[in-house]
Amino acid sequence: MSAPVVTVTLNPALDQTVLLDSLRPGAVNRANSVRLDAGGKGVNVASCLADWGLPTVATGLLGRDNTSEFEKLFARKGIADRFVRIAGQTRTNLKIVAADCGDTTDINLPGAQADADSFAQVHAAVGELCDRQGIAVFAGSLPAGIDTDAYVTLLRQAAACGMRSLLDTSDAPLTAALQSETVPYAIKPNRHELEGWCGRKLDTPARLLAAARELQSLGIVLVVISMGAEGALFVGSDREALIARPPAIRTQSTVGAGDAMVAGIAAAMIERRDPESLARLATAFAAAKLGLAGPNLPAREQVLALADATRIERLR
Ligand SMILES: Nc1ncnc2c1ncn2[C@@H]1O[C@H](COP(=O)(O)OP(=O)(O)OP(=O)(O)O)[C@@H](O)[C@H]1O
Ligand SMILES: O=P(O)(O)OC[C@@]1(O)O[C@H](CO)[C@@H](O)[C@@H]1O
């Protein structure tokens, strides 16, 4: 079994999204509705890619006591399921969406305890799924029991079989990956995650660009730094820097907007789009996801219309 994109989620989650008028900490808050989505960063990426029509394999670690939402998602979208089942439950993460401010409050739980043996099985799966034309997406945090340098090991595995990697993680796993000799082909931190790595504020285009160049100097070819509603900076193989700003969209939920952007980057890489077209498609995936509640994309024409409406600014 090989597919253009393999996503790896070592710490997936069931996302319980609670919608309420406003959130008052310390008070009794009454919700208007709740929904449950199989999630975790790589799962969300796979879900968006499937909607775009790209064959995708999803692997990682899944607690065997509550797999049904994941299995339903994989069956519904035709995502090949190569998750390694481990003892216990996959975590449930709370996403509290307050209508008055549009903000989402995330409460992410630690996740099931994993071990070296289950990680070895994921590592082997990445080797088996290797496709030289394909892309491996490594996304999200690491559960307890998995070494901080797990992504370094997986990056080496993907590189050994000639597959390009796209990494979206934060904190210690990000630092470990950036210290490694085998860096990913592409990376998409958000601004705050990258500030954590470089230890300084990235609050102007010039500072963002300097951080992107620092990442490129490590050998990373494509650097995308996302900035929420302000859009994202893209610096690619031609070293040209673009800021892509999303068109206005009625937001249902911002959960997984970054993952949709990662899916758009992967799709554009597979489709061999030029740097501006990649920035447009990735921004359109994120904007399109914002208009829907879960990690889903609307019809292809709507995504392409959003790509056309994305504003591009070239940084000199
Ligand atoms: N409120 C918003 N309005 C318009 N576009 C947005 C908004 N939030 C996110 N986006 C779009 O989604 C992209 C990714 O968002 P963001 O920077 O929040 O990623 P992230 O922090 O990785 O997200 P997450 O972890 O929730 O998946 C942005 O670059 C932008 O194009
Ligand atoms: O705890 P992590 O692995 O950093 O992030 C997990 C998570 O917040 O990421 C996705 C949104 O990007 C959600 O589906 C999920 O709950």
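Calculation notes
Residues numbered from 1 in each chain as written. Chains lettered and ligands numbered in written order. Predicted model: local features only at pLDDT ≥ 70, side-chain atom pairs only at ≥ 80, totals over all residues. Heavy atoms only, no water. Salt bridge = Lys/Arg side-chain N within 4 Å of Asp/Glu carboxyl O. Helix = DSSP H or I, 4+ residues; strand = E, 2+ residues; numbered from the N terminus. Buried < 20%, exposed > 50% of the residue type's maximum accessible area, 1.4 Å probe, protein only. Disulfide = S-S within 2.5 Å. Near = heavy atom within 4 Å. Polar contact = N/O pair within 3.5 Å; in protein donor to acceptor, adjacent residues only side chain to side chain. Areas by Shrake-Rupley, 256 points an atom, 1.4 Å probe, with all protein chains shown as cover. 1 Å grid on protein atoms, 1.4 Å probe; cavity = no way out; pocket = protein on both sides within 12 Å on 5 of 7 lines; lining within 4 Å. Sits in = over half its atoms within 2 Å of the grid points. Nonpolar A, V, L, I, M, F, W, Y, C, P; charged D, E, K, R; others polar.

### Overview of the pattern of salt bridges
For step 1, the next point in the chain: Tallied over the full model, the rule gives 16 salt bridges.
For step 2, the next point in the chain: Arg82 serves as the salt-bridge partner of Glu128, at 2.9 Å between the closest nitrogen and oxygen. Placement of Glu128 in helix H3 (residues 116-128) and of Arg82 in strand E5 (residues 80-86) is noted, with a sequence separation of 46 residues between them.
For step 3, the next point in the chain: Relative accessible area serves as the criterion here: at 24%, Arg82 is assigned to the partly exposed category.
For step 4, the next point in the chain: One salt bridge in this structure joins Glu276 and Arg314, with 2.5 Å as the shortest N-O distance. Of this pair, Glu276 sits in helix H9 (residues 275-290) while Arg314 sits in strand E14 (residues 311-315); the two residues are 38 residues apart in sequence, bridging distant segments of the chain.

### Considering the state of the cysteines
For step 1, the next point in the chain: Scanning the entire structure with this criterion turns up one disulfide.
For step 2, the next point in the chain: Each sulfur of the disulfide joining Cys130 and Cys161 lies 2.2 Å from the other. Since a negative S-S torsion denotes a left-handed disulfide, the Cys130-Cys161 link at about 110° is right-handed. In this pair, Cys130 is assigned in the loop between H3 and strand E8 (135-139) and Cys161 in the loop between helix H4 (150-160) and strand E9 (164-168), connecting sequence segments 31 residues apart.

### Overview of the site of ligand 1
For step 1, the next point in the chain: Around ligand 1 sit 18 residues, and of these Asn190, Ser226, Gly228, Gly231 and Gly258 come closest.
For step 2, the next point in the chain: Between ligand 1 and Lys188 there is a distance of 3.2 Å, counted from an oxygen atom to a side-chain nitrogen or oxygen.
For step 3, the next point in the chain: At a separation of 2.8 Å, an oxygen atom of ligand 1 approaches a polar backbone atom of Gly231.
For step 4, the next point in the chain: Contact with the protein chains hides 80% of the accessible area of ligand 1, taken as 630 Å² for the molecule alone.
For step 5, the next point in the chain: Of the pockets mapped on this structure, ligand 1 occupies the largest pocket.
For step 6, the next point in the chain: When contributions to the shell around ligand 1 are tallied by element, the ones reaching two or more residues are helix H8 (257-270) and H9.
For step 7, the next point in the chain: The element that contributes the greatest number of residues to the shell around ligand 1 is H8, accounting for four residues.
For step 8, the next point in the chain: Split into classes, the residues belonging to the shell around ligand 1 amount to eight nonpolar, seven polar and three charged.

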